[in-house]
Amino acid sequence: MAETVDFTDRYLRGETPWDSGKPSEELLRVLGAGKLTGRTVLEFGCGTGTNAVELARRGFVVTAVDIAEPAIRIARDKARAAAVAVDFRMADVLKDALGGPYDILFDCGVYHCLRTIDLRRFQEFLRKSTRPGSWWLSMAGNAKEDTDPGPPVVSEDEIRAELGPLFDIVELREFRFTTNTADFRPLGWSILMRRR
Ligand SMILES: C[S@@+](CC[C@H](N)C(=O)[O-])C[C@H]1O[C@@H](n2cnc3c(N)ncnc32)[C@H](O)[C@@H]1O
């Protein structure tokens, strides 16, 4: 059953445990390993923009979208404060044209939401925004640890069935999300993929 979350309301209320304010440790690990080759990045569901700003700081040309206007407003302020250029846009991944194809897609905590809302449209977005050879790094909740509170979760079999037809799964690793509470670190999947 699809869970409908009013993200705008969550940002306005400050109920955003995922918003740690620090770049994703897992993203930094993958970048450090030199695995994300290319120049253009689309981060979808960028929230308040911490990871998009970090990517821009490292020289990537970054487009970053989110459906929640309050998040995009904060993200733009962050980019200004960091003196980096990020093309932040308020957009719905399941409805709006987002350009591309991009060299790299990145999401932290978005695939695991959108797969339950409209998987077919989400797959169509993935196809349009990438080309053969494009990378996608996705971080999703892990069904081996389904907690409440906690992120939506997905199993390894579901990942392979839903994403495997379009992407080679290069790495599938377990990691723990960083949240805005030190001892709340839900289990996740770090999924590094390359478009077939
Ligand atoms: C769990 S939060 C993660 C935010 C950010 N990636 C982070 O790690 O801080 C999921 C984000 O996806 C955004 N989102 C949800 N559905 C979306 C959609 N259809 N199009 C664009 N953004 C969406 C939400 O507004 C929210 O910011």
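Up top you'll find the structure we're talking about.
Parameters and conventions
- Residues numbered from 1 in each chain as written.
- Predicted model: local features only at pLDDT ≥ 70, side-chain atom pairs only at ≥ 80, totals over all residues.
- Near = placed C-beta within 6 Å.
- Helix = DSSP H or I, 4+ residues; strand = E, 2+ residues; numbered from the N terminus.
- Nonpolar A, V, L, I, M, F, W, Y, C, P; charged D, E, K, R; others polar.
- Axes fitted to C-alpha atoms, helices over the stretch in contact; angles between N-to-C directions.
- Parallel < 35°, antiparallel > 145°, perpendicular 65-115°, else oblique.
- Left-handed = near helix turned anticlockwise from the far one by under 90°.
- Contact = placed C-beta atoms within 7 Å.
- Buried ≥ 20, exposed ≤ 12 C-beta atoms within 10 Å, placed from the backbone.
- Pairing = 2+ DSSP bridges.
- Right-handed = clockwise from strand over helix to strand, strands pointing away.

### Structural notes on the site of the ligand
Phase 1: Looking at the ligand, there are 20 residues lining it, with Phe7, Gly45, Gly47, Cys108 and Gly109 nearest.
Phase 2: Elements supplying a minimum of two residues to the shell around the ligand: strand E2 (61–66) and helix H5 (111–129).
Phase 3: Counted by class, the shell around the ligand contains 14 nonpolar, three polar and three charged residues.

### So, the packing of helix H3 (residues 50–57) against helix H4 (residues 69–82)
Phase 1: The geometry of H3 relative to H4 is characterised by a closest axis approach of 9 Å and an angle of 30° between their N-to-C directions. With respect to their mutual orientation, H3 and H4 come out roughly parallel. Relative to H4, the crossing made by H3 is right-handed. Contacts between H3 and H4 pair Thr50, Ala52, Val53, Ala56 and Arg57 from the former with Ala75, Lys78, Ala79 and Ala82 from the latter.

### Topic: the pairing of strand E1 (residues 40–44)
Residues in a regular strand project their side chains so that they alternate between the two faces of the sheet.
Phase 1: Burial of E1 is extensive: four of the five residues sit out of reach of the surface.
Phase 2: Note: E1 against E2, five bridges, orientation parallel. Pairing of Phe44 across the sheet is with Val65, part of E2.
Phase 3: In this region the chain leaves E1, passes through H3 and returns to the parallel neighbour E2; the handedness of that crossover is right-handed.
Phase 4: Strand direction decides the pairing type here: E1 and strand E4 (residues 104–108), joined by three bridges, are parallel. Each bridged residue has a counterpart across the sheet, and for Val41 the counterpart in E4 is Ile104.

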